[in-house]
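What follows is each chain in one-letter form.
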Amino acid sequence: MKLSKRLRAVADFVEPGSILADIGTDHGYLPIAAIEEKRIPSAIACDLNQGPLSAAERAVKEANMEDVISLRLGDGLAPIKPDEVTNAAIAGMGATTIIHILEGAPEVTDSLSRLILQPMSGAGLMRKWLSENDWFIVAETLVEEDGIIYEVIAAEPGRMPIKPIMCDVGPLLWLGRHPLIKKHIYRLMQSDKAILDNMKKGKNAVESEKYKAIKEHYAELEKMFRCL
Ligand SMILES: C[S@@+](CC[C@H](N)C(=O)[O-])C[C@H]1O[C@@H](n2cnc3c(N)ncnc32)[C@H](O)[C@@H]1O
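Residues numbered from 1 in each chain as written. Predicted model: local features only at pLDDT ≥ 70, side-chain atom pairs only at ≥ 80, totals over all residues. Heavy atoms only, no water.

*Asks:* So what's going on with unusual backbone geometry? Which residues, and what values?
*Replies:* If you check the backbone angles, Asn 64 has positive phi at about 55° while not being a glycine. One non-glycine residue, Asp 83, lies in positive phi territory at about 70°. With respect to the helices and strands, Asp 83 occurs in the loop between β3 (69–73) and β4 (87–93). (Helix = DSSP H or I, 4+ residues; strand = E, 2+ residues; numbered from the N terminus.)

In structure tokens:
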């Protein structure tokens, strides 16, 4: 099973030997590839919608993996029992949905030894949530595909206070000077700039606390960018 660069990065962060729950599995490619590569012995592939789950069912059948991949319909972690799996991957959804899923089944979330998360948006919010909920970021990477930079984060139980600016930049991406870090920070700056330019059109917006906060955020990013 040849994975996209984005899903490849998610698969690479799955703990070898773990039992994986793939939440929002869609096509089921992630658990199929991880088992094919002998990274994990078995998995549970879940999806909220019957259409994607049926697609996963067909792919699992084609791969002859019915014995090792269980397919379950349901919202988030609801189809999983505590201690049934050790890792959960939640990829291809916004951070707000991912957080909603993790908070929706605390007894399952708390039983996991690793989360592998690939938020399509709101990665800063995702890291803030991890930091505030006693998850330690053990690995993170950036992947560029079709002009989009994707962020992939692996976290394990533990404490890791993260400064607000680092929630957006990614503490390990910065420390390890990821090859795409400059492009990543530049894009964060562009996003701040677009908001600031838009606010400048408003009458009193430039006097607002929000404007000042975004300007300071931009300045912090610029300082980091210049270090690279
Ligand atoms: C964009 S696809 C991502 C598929 C795959 N994880 C990937 O990264 O390529 C999102 C999938 O998540 C499912 N989904 C959305 N919200 C969900 C939820 N609360 N619980 C389970 N699955 C969900 C959708 O039905 C869809 O199949």
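From this point, the discussion proceeds with the structure in view.
*Asks:* Any details on the layout of surface pockets? Residues and values, ideally.
*Replies:* If you add up the space inside the largest pocket, you get close to 380 Å³. Along its surface, the largest pocket is lined by 18 residues, and Gly 122, Ala 123, Glu 151, His 184 and Leu 188 are the ones closest to its centre. Of all the secondary-structure elements, those providing two or more residues to the lining of the largest pocket are α6 (123–132), β7 (148–157) and α9 (181–200). In terms of residues, the lining of the largest pocket owes the most to one element, α9, which gives five residues. For the lining of the largest pocket, the per-class residue count stands at seven nonpolar, six polar and five charged. (1 Å grid on protein atoms, 1.4 Å probe; cavity = no way out; pocket = protein on both sides within 12 Å on 5 of 7 lines; lining within 4 Å. Points joined across faces, edges and corners; volume = space filled by probe spheres on them. Nonpolar A, V, L, I, M, F, W, Y, C, P; charged D, E, K, R; others polar.)

*Asks:* Can you explain the domain arrangement of the protein? Please cite residues and give values.
*Replies:* According to the domain assignment, the protein consists of domain 1 (5–160) and domain 2 (182–227). Here domain 1 and domain 2 have C-alpha centroids that lie 32 Å from each other. (Domains from an automatic or database assignment.)

*Asks:* Tell me about the pairing of β4, and name the residues and values.
*Replies:* Along β4, six of the seven residues are buried, which leaves the element largely enclosed by surrounding structure. Bridging between strand β1 (residues 19–23) and β4 involves four bridges; their strand directions are parallel. Bridging from a neighbouring strand, Ile 23 pairs with Ile 90 of β4. Strand direction decides the pairing type here: β4 and strand β5 (residues 114–119), joined by six bridges, are parallel. (Buried < 20%, exposed > 50% of the residue type's maximum accessible area, 1.4 Å probe, protein only. Pairing = 2+ DSSP bridges.)

*Asks:* Summarise the site of the ligand; cite the residues concerned and give the values.
*Replies:* For the ligand, the set of nearby residues contains 16 residues, the closest of which are Arg 6, Gly 24, Asp 47, Asp 75 and Gly 76. Between an oxygen atom of the ligand and a side-chain N or O atom of Asp 47, the distance comes to 2.6 Å. Separating a nitrogen atom of the ligand from a backbone N or O atom of Leu 48 is a distance of 3.2 Å. Burial of the ligand by the protein amounts to 81% of the accessible area it has alone, namely 600 Å². The site holding the ligand turns out to be the second largest pocket. Broken down by element, the shell around the ligand gets its largest block of residues, three residues, from β4. (Near = heavy atom within 4 Å. Polar contact = N/O pair within 3.5 Å; in protein donor to acceptor, adjacent residues only side chain to side chain. Areas by Shrake-Rupley, 256 points an atom, 1.4 Å probe, with all protein chains shown as cover. Sits in = over half its atoms within 2 Å of the grid points.)

*Asks:* Could you give me a rundown of the packing of aromatic side chains, with the residues and numbers involved?
*Replies:* To describe a pair of aromatic rings, one takes the distance between the centres and the angle between the planes. As enumerated under the stated definition, the model contains one aromatic pair in all. Taking the ring centre of Tyr 150 as reference, the NZ or CZ of Arg 6 above it sits at 5.8 Å. The aromatic ring of Phe 225 is capped on one face by Lys 182, whose charged end is 5.2 Å from the ring centroid. (Phe/Tyr/Trp six-rings, centres within 6.5 Å; stacked < 30°, edge-to-face > 60°. Lys NZ or Arg CZ within 6 Å of the ring centre and 35° of its normal.)

*Asks:* Give me the lowdown on the sheet that holds strand β6 (residues 135–145), citing residues and values where you can.
*Replies:* The seven strands lie next to each other as β3-β2-β1-β4-β5-β7-β6, forming an open sheet whose pairing is mixed. Looking along the sheet, the strands with just one partner apiece sit at the ends: β3 and β6. Within the sheet, the average angular offset between the axes of one strand and its neighbour, ignoring direction, is 15°. In this sheet, β7 lies alongside β5 in antiparallel orientation, the contact comprising three bridges. Among the inter-strand pairings, Ile 116 is bridged to a residue of β7, identified as Ala 154. Running over the sheet, helix α1 (residues 5–12) touches β4, β5, β6 and β7 and is turned about 160° from β6. Contacts between α9 and the sheet are confined to β6 and β7, with β7 contributing the most and set at about 105° to the helix. (Axes fitted to C-alpha atoms, helices over the stretch in contact; angles between N-to-C directions. Contact = heavy atoms within 4.5 Å.)

*Asks:* Give a detailed account of α9, specifying residues and quantitative values.
*Replies:* With 20 residues, α9 extends 28 Å from end C-alpha to end C-alpha; this agrees with the ideal 28 Å at 1.5 Å per step. Listed as buried for α9 are Ile 181, His 184, Ile 185, Met 189, Asp 192, Leu 196 and Met 199. Each buried residue of α9 sits inside an arc of 135° when the element is viewed along its axis, so together they form one side. Against β6, β7, α7 (164–169), α8 (171–175) and α10 (209–227) lie the buried residues of α9. (Expected span 1.5 Å × (residues − 1). Arc of directions from axis to C-beta.)

*Asks:* Which residues make up the nonpolar core, and what values do they have?
*Replies:* Core analysis: the largest hydrophobic core is formed by 43 residues, its most contacted members being Leu 77, Ile 80, Met 126, Leu 130 and Val 169. At five residues, helix α4 (residues 95–104) tops the list of elements feeding residues into this core. Residue contributions to this core reach at least three from each of two domains, namely domain 1 (5–160) and domain 2 (182–227). Each residue touching Met 126, except ones within four places of it in the same chain, is listed here: Ala 95, Ile 98, Ile 99, Leu 102, Leu 117, Pro 119 and Ile 153. Formed by 27 residues, the second largest nonpolar core is a distinct cluster that contains Ala 9, Val 10, Val 14 and Ala 59. (Core = buried A, V, L, I, M, F, W, Y, C linked by side-chain atoms within 4.5 Å.)

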